[in-house]
Amino acid sequence: MSQLSQRPEKPVVGLPLPHESAGLHVTGAALYTDDLVHRTKDVLHAYPVQVMKAHGRITALRTAPALAVPGVVRVLTGADVPGVNDAGMKHDEPLFPDEVMFHGHAVAWVLGETLEAARLGAAAVEVELDELPSLVTLQDAIAAESFHGARPVMVAGDVDAGFADSAHVFTGELQFSDQEHFYLETHAALALVDEAGQVFVQSSTQHPSETQEIVAHVLGLPSHEVTVQCLRMGGGFGGKEMQPHGFAAVAALGARLTGRPVRLRLNRTQDLTMSGKRHGFHAAWKIGFDAEGRIQALDATLTADGGWSLDLSEPVVARAMCHIDNTYWIPHARVTGRIARTNKVSNTAFRGFGGPQGMLVIEDIMGRCAPLLGLDPTELRERNFYRPGQGQTTPYGQPVTHAERISTVWGQVKEESRIADRRREIAAFNAAHPDTKRALAITGIKFGISFNLTAFNQGGALVLIYKDGSVLINHGGTEMGQGLHTKMLQVAATTLGIPPHKVRLAPTRTDKVPNTSATAASSGADLNGAAVKNACEQLRARLLEVAATRLGANASDVRIVEGVARVLGSDEELGWDDLVRTAYLQRVQLSAAGFYRTEGLHWDAKAFRGSPFKYFSYGAAATEVEVDGFTGAYRIRRVDIVHDVGDSLSPMIDIGQVEGGFVQGAGWLTLEDLRWDTGDGPDRGRLLTQAASTYKLPSFSEMPEEFHVTLLENATEEGAVYGSKAVGEPPLMLAFSVREALREAAAAFGPAGVSVELASPATPEAVYWAVEAARAAGARERAGGRARDGIGNPADTDAPLHA
C-alpha cells in the first residue's frame, strides 16, 4: 500500500465526526460574506442596471438621472475599467457590455449609500437599445446552426462495422432540462482597499485564485495586489466556480474608485435571472445490440445549451462525452459534442459537470430499449457491465480500474433491498390496482474523478504549529457546506498523531496558498487532503527527530499517537505540547507548505484520448415509486443505495453527501422545470420561474419514505489520501433510478413489453402523458395493433441521426 493511502495507528480519519461548523449553522452564528457588511464601516451598496430584453445593441446609456437620486454616489460603466473589461477567462464576457445578450443582462452598476438608494438609482439609468433577433431555445439555436467553442469527436472501434454486426438497431432523441443551483446564499462580495492601495475581497467563491486573477485583470493590477478570501459559502454546487468573479470585480472596482468598501449581493430574483444553470442538453442517438442484448455500437450527438458565452461549457461537454458509457462497455462508439449559443444566461458548472447529462443519455436508451429487446431493464443493464480482466477500456481509451465494483455494489443493493421479493409484491399490487401502479428500478454509476484539464489537478496547503501545541491549517479548498474542512481537520490530526481539538482551519485565502484550483470536480478532499498530509508529514518528521533526541532513541522507532510520542517497545513517552515547546527552543521550523499533484493523468483533447481520471467512483441505487394513473402524481416509497467512497475519511459527512446528492439529482430529473418566455412579445427571453413559488425544489415531501444508504466496505483506493474516494458529485447520478422507476410504473398501465417515452424532468404532468401513451398502446393492442408502436422502434442501420 502506498504511503499516501496507508493509515497509521488510531487514525482520526474514518471517525464519524459532525461537521466542524454544525453548531454555528444551527444556531445562526456562522458568518457568510454578506454578514461581514455589518462589521465594516462606511459601506457602499452596488445594484445592477438590468436590461429586460433578450438581445440588442446599446445605442445610449445615460447615467446622469441616477446621480440625481439622493444617496447615489457613483455609476460604474465600462469607461471606468482601468484594465480588461471582461469577467471571464476566455475574454467573451464583457463586465460592462455594449451588447445585451440575455434578458436581465447588467450593463452598469450603481453605488449608493443604502441599498434602496442604489436600487432607485439603477431604475433611473436610461438605456436605449437597438433590438436584435434572439435565440431562446436549444431548438432555435440548432436550427440556426448557432454554435460556439470546440466541437470534439470521440471515436472508438469501427462504428459502421458495429452496426452491421448488430441484430437490433434503434434510434431516438432526448431533450432534458437545465437546473438552477438555488444555493441558499446568493452571489455576494465585499471589497475593501487599504492604505497602500491593496485590494481585499471577501467573496462567496469556489475558486478564490481565479476570482483574484479576474479582479486583478479588471483593475489592471498584478495578482499580488489582490487578496481574495472565502470564509464559507451557503452552498455552491458549481454555480460559484466561475460566475462569482465578475461580481467580485464590480465590488473591487467600486472600492478602488471611491476609496470606500463596496458590498454586492444579488437578491434571489437577480441571482436567478443573471447567473448560469446546469446545461440543458439535446441528444440524438443510434444504438445497436446483438441478439443477446449486448451493446455493439453507439452513434450520438450531444448538444449543450451554453447560453451567451462559453464559461465552462467546453469542459462540461467533454465530461458528458466521457461519461456517456456510464457502467457499460461500448466496443464501437462515435460521439460528437457541440455547444449551442443562445440568448440566455451563460450556463456553467453544476454538480456532476456534464457527467449526469452524458450518463442520462445511455440510461434513457437502456430504459427505452429493454422492452423492445424483450428484456427486463435490470437484466439488460447487467449484461452490458464492464467486466474485470477483459481488457475493456472506455470509448476514450482509459482502462476501467476496479470494474468488479460495478457488480459488487449492484449485487449488494439487490440483496439488501430484497428486490426479487419486492418485485413479486409489486406485481401483485399492480394486478389488484388498475389506477395505481408501483415499480422498482435499479441503476448504477461509474464516475471519473479528476479535473478534465490536467493542470488543475494540484493542491497546496500551509500548516502552522504554534509553540503551545495548537495547529492552524490553511489549504486551497473552500467550504460550501460539504464538509471539506472537517475532513481536512481529520487528515491533519491523523498525520500529526494528535486529537482533532488541537487543530483549527483558517478561512481560504489567496495570500496563504497561491494558485489553487477550484473546489470542484469532487477533488477537494483528494487534492487538498494530500497537500495537508504532505505538509504535516514534513512537520512530523522534524518533530520525530526532536522526540528521538529527548527519548534517547532513533527517530524511526518513535510514534506519535493520540498526542503522545512513544518509543516502540518502551515506556518512554513525551507529550505533544512538551514536544512542540522543545522543538521551538531548539529552533526547529514549525511551519510547512504542502503540495500535491495527481500522478498518472494524461489527456489529448484534440484526439479525445487518454486517461483523464485518477480513478472511478461506483454506486448503485434501487428506487420504488407509486404513480397515480389519474394525475401522474407519484411518491418515492423507498430508496436503497450502496456507494463506493473508498475508505471513508469521515463517514457521517459522506453519508450526508450521498443523501443530499441523490435528492438534488431527483430534483433535476423529476421536479425542477425552468421555463423561459419563448413568444415573440416584449418579454421574449424572460425567465418565468424566478422564485421558489414557480420553480419546484425538492423538499421533505419528496424525500423517500424509507431511505437506506450504505458505504461500500473494504474498498481502499490505492494512491488516494488515506485510501478514500471522492463523494461530492457521483451520488447525484444515483437518482437515475427514480426516473427509470417512474418510466416502468407508467409502462405498467399498458401491455407487457411497451416502451414509453418519459420527459425530463419527469414532472407529474410528464408522467401522466407517459401513462396515457402506455394506455394508448394497450388500446392499439386490443384493436389488433402492435404493442411496441411508438418511439424507439427498430430502425434501419443506415437511418440518419437527427441533428
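Residues numbered from 1 in each chain as written. Predicted model: local features only at pLDDT ≥ 70, side-chain atom pairs only at ≥ 80, totals over all residues. Heavy atoms only, no water.

### Overview of the overall build of the protein
Then comes step 1: Scanning the protein from terminus to terminus reveals 19 helices and 29 strands.
Then comes step 2: The C-alpha radius of gyration computed for the protein amounts to 28 Å, which stays within 12% of the reference 28 Å derived for 803 residues, consistent with globular compactness.
Then comes step 3: Each principal axis of the C-alpha atoms in the protein carries an extent, and together these give about 90 × 80 × 50 Å.
Then comes step 4: Residues classed as buried in the protein amount to 61% of the 803 residues present. (Helix = DSSP H or I, 4+ residues; strand = E, 2+ residues; numbered from the N terminus. Rg over C-alpha atoms; globule rule 2.2 N^0.38 Å. Buried < 20%, exposed > 50% of the residue type's maximum accessible area, 1.4 Å probe, protein only.)

### Some thoughts on the packing of helix α17 (residues 651–670) against helix α18 (residues 736–747)
Then comes step 1: Interaxial distance between α17 and α18 falls to 8 Å at its minimum, and their mutual angle equals 45°. Regarding the angle of α17 to α18, the classification is oblique. Between α17, through Phe662, Ala666, Trp668, Leu669 and Thr670, and α18, the contact on the second element is made entirely by Phe736, Ser737, Val738, Arg739 and Leu742.
Then comes step 2: When its residues are assigned to classes, the contact of α17 with α18 shows seven nonpolar, two polar and one charged. (Axes fitted to C-alpha atoms, helices over the stretch in contact; angles between N-to-C directions. Parallel < 35°, antiparallel > 145°, perpendicular 65-115°, else oblique. Contact = heavy atoms within 4.5 Å. Nonpolar A, V, L, I, M, F, W, Y, C, P; charged D, E, K, R; others polar.)

### As for the sheet that holds strand β4 (residues 99–100)
Then comes step 1: Within the open sheet, the three strands sit side by side as β4-β2-β6. Their pairing is antiparallel. Edge positions in the open sheet fall to β4 and β6 (126–131), since each of these has one partner strand only. (Pairing = 2+ DSSP bridges.)

### Some words on the pairing of strand β24 (residues 591–597)
Then comes step 1: Side chains Ala592, Gly594 and Tyr596 of β24 all project onto a buried face; the interleaved residues Ser591, Ala593, Phe595 and Arg597 project onto a face where none is buried.
Then comes step 2: The pairing of strand β17 (residues 458–465) with β24 spans seven bridges and is antiparallel. When the sheet's bridge partners are listed, leucine 464 is paired in β24 with serine 591.

### Comments concerning the pattern of salt bridges
Then comes step 1: A full pass over the atoms with the stated rule returns 53 salt bridges.
Then comes step 2: For lysine 53, the salt bridge identified is with glutamate 131, shortest N-O distance 3.8 Å. Separated by 78 residues along the polypeptide, lysine 53 in the loop between β1 (44–51) and β2 (56–62) and glutamate 131 in strand β6 bring together distant segments of the chain.
Then comes step 3: Residue lysine 53 is classed as partly exposed on the basis of its relative accessible area, which comes to 22%.
Then comes step 4: One salt bridge in this structure joins glutamate 185 and lysine 240, with 3.2 Å as the shortest N-O distance. In this pair, glutamate 185 sits in the loop between β8 (168–176) and β9 (188–193) while lysine 240 sits in the loop between β11 (226–230) and α7 (244–258), placing the two residues 55 residues apart along the sequence. Just as glutamate 185 is buried, lysine 240 falls in that class too.
Then comes step 5: Put simply, Glu363, Asp364, Arg368, Arg381, Arg739, Glu740 and Arg743 are held in one network by salt bridges that share partners. (Salt bridge = Lys/Arg side-chain N within 4 Å of Asp/Glu carboxyl O.)

### Considerations on helix α6 (residues 208–219)
Then comes step 1: If you check α6, its first and last C-alpha atoms are 16 Å apart, about what twelve residues at 1.5 Å a residue would give, namely 16 Å.
Then comes step 2: The buried fraction of α6 is high, at eleven of twelve residues.
Then comes step 3: Of the positions making up α6, those classed as buried are Pro208, Ser209, Glu210, Thr211, Gln212, Ile214, Val215, Ala216, His217, Val218 and Leu219.
Then comes step 4: In this fold, the buried residues of α6 make contact with β10 (199–203), β11, α7 and β20 (508–509).
Then comes step 5: Directly beyond the C-terminal end of α6, a positive phi value near 70° is found at glycine 220. (Expected span 1.5 Å × (residues − 1).)

### Describing the packing of aromatic side chains
Then comes step 1: For the coordinates displayed, the defined rule picks out 16 aromatic pairs.
Then comes step 2: Here phenylalanine 662 and phenylalanine 707 contribute two aromatic rings whose centre-to-centre distance is 5.6 Å and whose plane-to-plane angle is 55°, an arrangement assigned as tilted. Of this pair, phenylalanine 662 sits in helix α17 while phenylalanine 707 sits in strand β29 (residues 706–711), and the two are 45 residues apart along the sequence. The exposure classification of phenylalanine 662 matches that of phenylalanine 707, with both residues buried.
Then comes step 3: Through pairs of rings, three or more aromatic residues link up here, namely Tyr396, Trp603, Phe608, Phe613 and Phe616.
Then comes step 4: The ring of phenylalanine 182 has arginine 268 sitting right over it, with the charged end atom 4.4 Å from the ring centre.
Then comes step 5: The ring of phenylalanine 350 carries arginine 278 above its face, with NZ or CZ at 4.3 Å from the centroid. (Phe/Tyr/Trp six-rings, centres within 6.5 Å; stacked < 30°, edge-to-face > 60°. Lys NZ or Arg CZ within 6 Å of the ring centre and 35° of its normal.)

### As for helix α16 (residues 576–585)
Then comes step 1: Of the residues making up α16, those classed as buried are Trp576, Leu579, Val580, Thr582 and Ala583. Angularly, the buried residues of α16 cover 160° about the axis, an arc narrow enough to put them on a single face.
Then comes step 2: Phi turns positive, to about 60°, at arginine 587, one or two residues after α16. (Arc of directions from axis to C-beta.)

### With respect to the nonpolar core
Then comes step 1: Grouped together as the largest cluster of nonpolar side chains are 109 residues, with contacts concentrated most on Ile287, Phe289, Leu302, Ile641, Phe662 and Leu742.
Then comes step 2: Looking at this core element by element, the count peaks at nine residues for helix α10 (residues 355–372).
Then comes step 3: Excluding anything up to four places from it in sequence, leucine 302 contacts Phe281, His282, Ala283, Ala320, Met321, Ile324, Val335, Thr336, Gly337, Arg338 and Val361. (Core = buried A, V, L, I, M, F, W, Y, C linked by side-chain atoms within 4.5 Å.)

### What about the sheet that holds β11?
Then comes step 1: In spatial order, the strands read β3-β5-β1-β12-β9-β10-β11-β20; together these eight strands make up an open sheet with mixed pairing. The sheet is open, and its two edges are formed by β3 (72–76) and β20, each paired on a single side.
Then comes step 2: Pairing between β1 and strand β12 (residues 262–265): two bridges, direction parallel. Bridge pairing in β12 links histidine 45 to arginine 263.
Then comes step 3: In this fold helix α3 (residues 115–124) packs onto β1, β3, β5 (105–112) and β12, with an angle of close to 25° to the strand it touches most, β1.

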